[in-house]
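Fold and geometry: a report
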Amino acid sequence: DLIGVVFTGLLNFSPLVFGAILAASWQILVIFGLHWGIIPITYVLLAEQGVNPLGPAMMASTFGVLGVVLALVIKSKEKQVRDIGIPGIISLVFGISEPVIYGLMLPMKRSFVYALIGNIVGGAYLGITGVVNYRTGGLGIFSVFNTIDPNGALTMNFWNVIIGYVLATAVGFILQMVLPVPTLDADAEELSEVLSPESL
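With that settled, consider helix 7 (residues 109-129). Compared with the 30 Å implied by 1.5 Å per residue over 21 residues, the 30 Å span of helix 7 between its first and last C-alpha is a close match. Within helix 7, burial applies to Ser111, Phe112, Tyr114, Ala115, Leu116, Gly118, Asn119, Gly122, Gly123, Ala124, Leu126 and Gly127.

Here it is in structure tokens:
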């Protein structure tokens, strides 16, 4: 409930800040299952107002990760990265991020930061342009259909969502392409040490 109140308050305070923070934090919330504090609010907004301004920023969070994973598959020389990344790209395109989050992003912490930066840029754009969902539906690339005006017109609401998704993907991709690629094995070993019972 508190998480939902925070984000609806941010929306009223500053759409730009709201979009940036929601898109950046969504994947982190998913890791802990805390995103369920926001999802019911989207249904309430649709029922009461006919629009859901939370949905586009939530979906944008997948695309920053997508950009980073695309770059990792291209740049990394580790077979395990490609083995996780290639099917993970397919999952991300359709809105499922968990395999890549647990398999690559958490072990490769710097890459996760690059993805979050991409999400911030894409989410900020979506927030400042005031995009909304008119319905619930598919995830990932299919979520763009949720933004089509009820009369069927492809308004700027639709095109701005696509621009926001592209921005998130591009920023994540460029950051990972120009910055060093973390080593999965080393980062995974470091993460396992941090999470080991002896260290807790």
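Here the focus is the packing of helix 7 against helix 8 (residues 156-178). Close contact between helix 7 and helix 8 brings their axes to 8 Å; oriented N to C, the two are set at 155°. With respect to helix 8, the element helix 7 is oriented roughly antiparallel. Crossing handedness for the pair helix 7 and helix 8: right-handed. Counting all contacts with helix 7, which are made through Ser111, Tyr114, Ile117, Gly118, Asn119, Val121, Gly122, Tyr125, Leu126 and Thr129, the residues of helix 8 involved are Asn160, Val161, Ile163, Gly164, Tyr165, Leu167, Ala168, Val171, Gly172, Leu175 and Gln176. Across the contact of helix 7 with helix 8, the residue classes tally to 12 nonpolar, 9 polar and no charged.

Structurally, Asn52 can be placed in the loop between helix 3 (39-49) and helix 4 (55-75). Of the residues examined, Asn52 reaches a relative accessible area of 4% and is grouped as buried. From its side chain, Asn52 meets the backbone nitrogen of Gly55 in a polar contact 3.3 Å long. In contact with Asn52, other than residues within four places in its own chain, are Thr42, Leu45, Leu46, Val132 and Asn133.

Rules used throughout
Every chain is numbered independently, its residues counted from 1 as its sequence is written. Local features are withheld for residues below a pLDDT of 70 in this predicted model, meaning they are given only at 70 or higher, and side-chain atom pairs are given and counted only at 80 or more; totals for whole chains, interfaces and linings count all residues. The basis for the side-chain values is all heavy atoms of the structure; hydrogens and waters are excluded. Secondary structure counts use DSSP, requiring at least four H or I residues in a row for a helix and at least two E residues in a row for a strand, with both numbered from the N terminus. For a helix, the expected span equals 1.5 Å multiplied by the number of residues minus one. Burial here depends on accessible area, computed with a 1.4 Å probe over protein chains only, as a share of the maximum for the residue type. Under 20% is buried, over 50% is exposed, and the range in between is partly exposed. Here an angle of 0 to 180 degrees is reported between the N-to-C directions of two axes, which are lines fitted to C-alpha atoms, with helices fitted over the stretch in contact. An angle below 35 degrees is read as roughly parallel, one above 145 as roughly antiparallel, one from 65 to 115 as roughly perpendicular, and any other as oblique. By definition, turning the near helix anticlockwise from the far helix through less than a right angle yields a left-handed crossing, and turning it clockwise yields a right-handed one. Two residues qualify as a contact provided that any one of their heavy atoms is within 4.5 Å of a heavy atom in the partner residue. Gly falls in the polar group here, along with every residue not listed as nonpolar (Ala, Val, Leu, Ile, Met, Phe, Trp, Tyr, Cys, Pro) or charged (Asp, Glu, Lys, Arg). Definition of a polar contact: a pair of N or O atoms within 3.5 Å, with one able to donate and the other able to accept a hydrogen when the atoms are protein atoms, and with sequence-neighbouring residues admitted only if both atoms are side-chain atoms.

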